[in-house]
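# Reading the structure
Here are the chains, one letter per residue:
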Amino acid sequence: MPRTARDVVFVDGVRTPFGKAGPKGIYHETRADDLVVKCIRELLRRNPDLPPERIDEVAVAATTQIGDQGLTIGRTAGILAGLPQSVPGYAIDRMCAGAMTAVTTTAGSIAFGAYDIVVAAGVEHMGRHPMGEGVDPNPRFVSEKLVDESALFMGMTAENLHDRLPHITKQRADEYAVRSQEKAAKAYANGKIQPDLVPISVRRTSPEGGELGWGLATADEPMRPGTTLEGLATLKTPFRPHGRITAGNSAGLNDGATASLVAAEDVARELGLPVKMRLVSYAFAGVEPEVMGYGPIPSTKKALAKAGLTIEDIGLFEINEAFAVQVLSFLDHYGIDDDDPRVNQYGGAIAFGHPLASSGVRLMTQLARQFEEQPEVRYGITTMCIGFGMGGTVIWENPHFEGNK
């Protein structure tokens, strides 16, 4: 019997504040699974019309799936969040695009009819589990020259991208980074970020290990709203002497979690759930691993072609800022100005942070809020580069678009 694909919608998304990784970070004494559990519980609290037993799947991404990010975290997080034991779950790893892949993979299953509504989430506690912990890269990658050795180090791939695109200078990258910090500070000041943040109780200790009591994490920790171009110019370039990548024009090492509800549109309407975005198309693409940051360019080309759209049809862009050079390479390729108002209106990962597998849903929650505020915009994109040479792009339609009325 032939099937008709169902429309898939983004119902809601939340996240923890993002923290700095390491002993001085707000989540140093907090478990990774507890972070994503808090996000799932908040989704249920915010959507009381959703019977928990109607959730068909819990897909949770983590890049380093060991310790408190292991044990098939989608299943364990669902149980810890209080979902019925009849609700299954699984884990996903596509490095930086983990949560994005949790959304797209479950969306495909919804369109097919296997699921009605799912939780798609991501978590990364880089303080507990540094990127690459426990991995054992096959020596053939280097011995057979399948990839350049620099592909294993994200900062070095960003330096390589600067080499390939010498017109993208360090100063231009620093200028972009300053704007990201300024836009993020403005978004906070205007109350655009806080509605989707889940406050997290955190245990605090001194550098010597002494107990300082409990606190509440309510804002992103990595932000540096007073960043200046002069200040960025003095920062070290840790990946290469006299290089161009610094802590100021790239995302840091971060901890945090995100979670979203994705559903068939007819089911969302039936349950009275919000419809914040409608999925149009998505695509992933591979590039040379040593210039990983180039990945969003071909993935966006594929997603646009699948949707029958052009870049001119896109009214809003949420581009993950792993490195400023990566965003600038995308903008240059598609003929978009560095300060185009359609791009990262609330700032990006250079300001908020990039806890790898969780970042994809942050892009989506920010785009959903912008759709609500800007009904004149019909289409938006969430896109990001992905470790070891990939890019991912999701195109969304604004259900509030004035032309639909």
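Just so we're clear, the structure is a prediction, and the values are computed from it rather than from any experiment.

UniProt's feature table lists "domain: Thiolase C-terminal" (unreviewed entry) at residues 275-397, given in the numbering used throughout. Each end of residues 275-397 is marked by a C-alpha atom, and these two atoms are 11 Å apart; helix forms 33% of the span and strand 26%.

Before going further, it helps to spend a moment on the pattern of salt bridges. Tallied over the full model, the rule gives 27 salt bridges. Its salt-bridge partner being Arg 240, residue Asp 163 comes within 3.0 Å of it at the nearest N-O pair. With Asp 163 in helix α5 (residues 154-164) and Arg 240 in the loop between α7 (229-233) and β8 (254-264), the pair connects residues that are 77 residues apart, well separated along the chain. For Asp 163, a relative accessible area of 39% corresponds to the partly exposed category. One salt bridge connects Asp 332 with Arg 172, and the closest N-O pair in it is separated by 2.5 Å. Remark: Arg 172 occurs in helix α6 (residues 170-189) and Asp 332 occurs in helix α10 (residues 324-333); sequence separation between them is 160 residues. Overall, the relative accessible area of 14% leaves Arg 172 in the buried class. Through salt bridges with shared partners, one network takes in Arg 6, Arg 54, Asp 116, Asp 266 and Glu 270.

We now examine the packing of helix α1 (residues 32-46) against helix α2 (residues 73-80). Where α1 contacts α2, the two axes come as close as 9 Å, and the packing angle between them is 60 degrees. The angle between α1 and α2 falls in the class oblique. The interaxial crossing formed by α1 with α2 has right-handed handedness. Across the interface between the two elements, Asp 33, Val 36, Val 37, Ile 40 and Arg 41 from α1 touch Ile 73, Ala 77 and Leu 80 from α2. Across the contact of α1 with α2, the residue classes tally to 6 nonpolar, no polar and 2 charged.

It is worth spelling out the packing of aromatic side chains at this point. Any pair of aromatic rings gets described here by the distance separating the centres and the angle formed by the planes. Scanning the entire structure with this criterion turns up 6 aromatic pairs. Where Tyr 282 meets Phe 284, the ring centres are 6.4 Å apart and the plane angle is 65 degrees; that geometry is what we call edge-to-face. A relative accessible area of 30% means that Tyr 282 is categorised as partly exposed. On the basis of relative accessibility, which here comes to 16%, the residue Phe 284 falls in the buried class. Taken together through their ring pairs, the aromatic side chains of Phe 317, Phe 330 and Tyr 334 make up a single cluster. Seen from the ring of Phe 18, Arg 15 lies directly overhead, with NZ or CZ sitting 4.5 Å from the centre. The lysine or arginine in question, Arg 15, covers the ring of Phe 352, its NZ or CZ lying 5.4 Å from the ring centre.

Here Gly 389 shows up in the loop between β11 (379-386) and β12 (390-397). As for Gly 389 and Val 147, which are separated by 242 residues in sequence, their C-alpha atoms are 9.9 Å apart. Once residues lying within four places of it in the same chain are set aside, the contact partners of Gly 389 are Ala 285, Gly 286, Val 287, Glu 288, Pro 289 and Met 292.

Mapped onto the secondary structure, His 129 falls in the loop between β5 (117-125) and α4 (140-143). A polar side-chain atom of His 129 sits 3.2 Å from a polar atom in the side chain of Glu 133. In this structure His 129 touches Thr 64, Ile 66, Gly 67, Asp 68 and Gln 69, once residues within four positions along its chain are discounted.

Within β11, 8 of the 8 residues are buried, which leaves the element mostly enclosed by the surrounding structure. Where burial is concerned, the two faces of β11 agree: the one with Tyr 379, Ile 381, Thr 383 and Cys 385 and the one with Gly 380, Thr 382, Met 384 and Ile 386 are both buried. In this sheet, β11 lies alongside strand β10 (residues 314-319) in parallel orientation, the contact comprising 5 bridges. The residue bridging Ile 314 from the neighbouring strand is Tyr 379, located in β11. Counting the residues between successive antiparallel strands, the hairpin from β11 to β12 contains 3 residues, one of them, Phe 388, with a positive phi of roughly 65 degrees.

A few words on unusual backbone geometry. One non-glycine residue, Thr 72, lies in the positive phi region at around 50 degrees. Within the secondary structure, Thr 72 is located in the loop between β3 (57-61) and α2. Judged by relative accessible area, Thr 72 falls into the partly exposed class, the value being 43%. Residues other than glycine seldom take positive phi values, yet His 242 does so here, at roughly 55 degrees. Within the element layout of this structure, His 242 appears in the loop between α7 and β8. According to the relative accessible area criterion, His 242 is exposed, its value standing at 81%.

Two residues of an α-helix separated by three or four positions point the same way, owing to the 3.6 residues in each turn. Between the first and last C-alpha of helix α3 (residues 98-112) there are 21 Å, a value that for 15 residues agrees with the 21 Å anticipated at 1.5 Å per step. Within α3, 11 of the 15 residues are buried, which leaves the element mostly enclosed by the surrounding structure. Restricting attention to buried positions, one finds in α3 the residues Gly 98, Ala 99, Met 100, Thr 101, Ala 102, Val 103, Thr 104, Thr 106, Ala 107, Ile 110 and Ala 111. Directly beyond the C-terminal end of α3, a positive phi value near 105 degrees is found at Gly 113.

With that settled, consider the environment of His 333. Along the polypeptide, His 333 turns up in helix α10. Among the residues examined, His 333 registers a relative accessible area of 45% and is labelled partly exposed. Put simply, His 333 and Gly 387 are 54 residues apart on the chain and 20 Å apart in space, counted from C-alpha to C-alpha. Ignoring sequence-local partners within four residues, the contact set of His 333 consists of Tyr 294 and Ile 297.

Cut-offs and rules
Residues numbered from 1 in each chain as written. Predicted model: local features only at pLDDT ≥ 70, side-chain atom pairs only at ≥ 80, totals over all residues. Heavy atoms only, no water. UniProt positions renumbered as here; feature names shortened; annotations may be inferred. Helix = DSSP H or I, 4+ residues; strand = E, 2+ residues; numbered from the N terminus. Salt bridge = Lys/Arg side-chain N within 4 Å of Asp/Glu carboxyl O. Buried < 20%, exposed > 50% of the residue type's maximum accessible area, 1.4 Å probe, protein only. Axes fitted to C-alpha atoms, helices over the stretch in contact; angles between N-to-C directions. Parallel < 35°, antiparallel > 145°, perpendicular 65-115°, else oblique. Left-handed = near helix turned anticlockwise from the far one by under 90°. Contact = heavy atoms within 4.5 Å. Nonpolar A, V, L, I, M, F, W, Y, C, P; charged D, E, K, R; others polar. Phe/Tyr/Trp six-rings, centres within 6.5 Å; stacked < 30°, edge-to-face > 60°. Lys NZ or Arg CZ within 6 Å of the ring centre and 35° of its normal. Polar contact = N/O pair within 3.5 Å; in protein donor to acceptor, adjacent residues only side chain to side chain. Pairing = 2+ DSSP bridges. Expected span 1.5 Å × (residues − 1).

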